[in-house]
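Take a look at the letters that make up each chain.
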Amino acid sequence: MLEIFNEVSQACSKVATERYSTSFSSSIRLLHKDLRGSIFNIYGFVRFADEIVDTFHGHDKEVLLQEFREATYQAIERKISLNPILNSFQLTVNEYKIDHQLIEAFLHSMELDLGKKKYDRAGYEEYIYGSAEVVGLMCLNVFCEGNKEECERLKPAARSLGAAFQKVNFLRDLKADYEGLDRVYFPGCDFSNFTMADKTMIEADIQQDFDDAYIGIVHLPLKARFGVYVAYKYYLSLFKKIKKVQPQKILDQRIRIPDHGKIFILAKAGIRSQLNLL
């Protein structure tokens, strides 16, 4: 039965999310049950594309990504795919009529990771939009459940939240990106001589994204608000921890929030939600 196949496909996206990101999977479980499956479907798609360009060393990444792109659009057009990750993604794309331009922008940023190693300001903003902001916009389509007017109103905040998450990831993963993949995303930075001035400038930009994102989070539909708020608080806590670290230490280790810290963030967010203080 097709229904069983679709359920199995979506279960694959859920497993992929849980294995690759405990933080995101935990936040997704805090969304209303009506929304969870579709957000898992989006994350599974995004994660697999990212894996192609980041970890499939020894394979022809360009060919794999092109095949993934073709299979993605074929799945959306046919409304089915034997690739369970793509089948679950097409279910969400077609149900919520997600703009194909968002998908194309995302895949374009993944293509940039195949070759581009350094970015100027324009290239950096293009990459952030495609790799992160559009993911926020895809999720927003789900959160608003077809309410196009509400979705349009919340777009700027969704983009800011996606950008904030991605930029924090860049800071957290500086060592892996710079030393392991020879990538420098932040424009104008020399990571062989990463200064406090460089770090402070980057942090000011990220803080603005967090501030702009919060304005939208408090206006999200109730089904989505708490889960998104917890993800926001987790990343904001990670960002605050990174801000306390000296530039060289970021290049020496990967900063993270321990499990007990995540539990505290969740408990505190729950109290604020119950008191209607979000």
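Residues numbered from 1 in each chain as written. Predicted model: local features only at pLDDT ≥ 70, side-chain atom pairs only at ≥ 80, totals over all residues. Heavy atoms only, no water.

A. Quick peek at the packing of aromatic side chains. In this structure the tally under the stated criterion is 19 aromatic pairs. Plain terms: the ring middles of Phe 24 and Tyr 235 are 5.9 Å apart, the flat faces sit at 40° to each other, and that makes the pair tilted. With a gap of 211 residues between them, Phe 24 in helix 2 (residues 22-28) and Tyr 235 in helix 11 (residues 222-243) connect regions that are remote in the sequence. Aromatic side chains Tyr 234 and Tyr 235 sit 5.4 Å apart centroid to centroid with 90° between the ring planes, which places their arrangement in the edge-to-face category. Tyr 235 carries the same exposure label as Tyr 234, and that label is buried. Members of the aromatic cluster, joined through ring pairs, are Tyr 119, Tyr 124, Tyr 127, Phe 170, Tyr 185 and Phe 186. For the cation-ring pair, Arg 47 lies above Tyr 20, with the distance from its terminal atom to the ring centre recorded as 5.1 Å. (Phe/Tyr/Trp six-rings, centres within 6.5 Å; stacked < 30°, edge-to-face > 60°. Helix = DSSP H or I, 4+ residues; strand = E, 2+ residues; numbered from the N terminus. Buried < 20%, exposed > 50% of the residue type's maximum accessible area, 1.4 Å probe, protein only. Lys NZ or Arg CZ within 6 Å of the ring centre and 35° of its normal.)

B. Just the packing of helix 3 (residues 33-55) against helix 7 (residues 121-143), in detail. Across the interface, helix 3 lies against helix 7 with an axial gap of 9 Å and an inter-helix angle of 160°. Comparing their axes, helix 7 and helix 3 come out roughly antiparallel. Classified by chirality, the crossing of helix 7 by helix 3 is right-handed. Contact with helix 3, carried on its side by Leu 35, Ser 38, Ile 39, Ile 42 and Val 46, involves Val 135, Met 138, Cys 139, Val 142 and Phe 143 of helix 7 and no other residues of that element. Within the contact of helix 3 with helix 7, the residues separate by chemical class into nine nonpolar, one polar and no charged. (Axes fitted to C-alpha atoms, helices over the stretch in contact; angles between N-to-C directions. Parallel < 35°, antiparallel > 145°, perpendicular 65-115°, else oblique. Left-handed = near helix turned anticlockwise from the far one by under 90°. Contact = heavy atoms within 4.5 Å. Nonpolar A, V, L, I, M, F, W, Y, C, P; charged D, E, K, R; others polar.)

C. Looking closely at helix 10 (residues 196-217). Taking 1.5 Å per residue as the helical rise, helix 10 with its 22 residues ought to reach 32 Å, and the 31 Å between its terminal C-alpha atoms agrees with that figure. By the burial criterion, the buried members of helix 10 are Asp 198, Lys 199, Ile 202, Glu 203, Ile 206, Asp 209, Phe 210, Ala 213, Gly 216 and Ile 217. The buried side chains of helix 10 occupy one side of the element, clustering within an arc of 125° when seen end-on. Across from the buried face of helix 10, at angles greater than 90 degrees, the exposed residues are Ala 197 and Ile 215. Buried residues along helix 10 sit against helix 8 (148-172), helix 11 and helix 12 (247-252). (Expected span 1.5 Å × (residues − 1). Arc of directions from axis to C-beta.)

D. Quick peek at the nonpolar core. Within the largest apolar cluster, 79 residues are counted, with the highest numbers of intra-cluster contacts made by Ile 42, Phe 45, Phe 106, Met 138, Phe 143 and Phe 210. Residues contacting Phe 143, with those up to four places away along its chain left out, are Leu 31, Leu 35, Ile 39, Leu 220, Pro 221, Ala 224 and Val 228. (Core = buried A, V, L, I, M, F, W, Y, C linked by side-chain atoms within 4.5 Å.)

E. Inspection of a nonpolar patch on the surface at higher detail. On the surface, a cluster of nonpolar side chains totalling about 340 Å² of accessible area is made up of Met 1, Ile 4 and Val 8. Along the polypeptide, Met 1 turns up in the segment before helix 1 (2-20). Residue classification places Met 1 among the exposed positions, given a relative accessible area of 75%. (Patch = residues over 30% accessible without salt bridge, like charges linked within 9 Å, V, L, I, M, F, W, Y side chains within 5 Å. Areas by Shrake-Rupley, 256 points an atom, 1.4 Å probe, with all protein chains shown as cover. Salt bridge = Lys/Arg side-chain N within 4 Å of Asp/Glu carboxyl O.)

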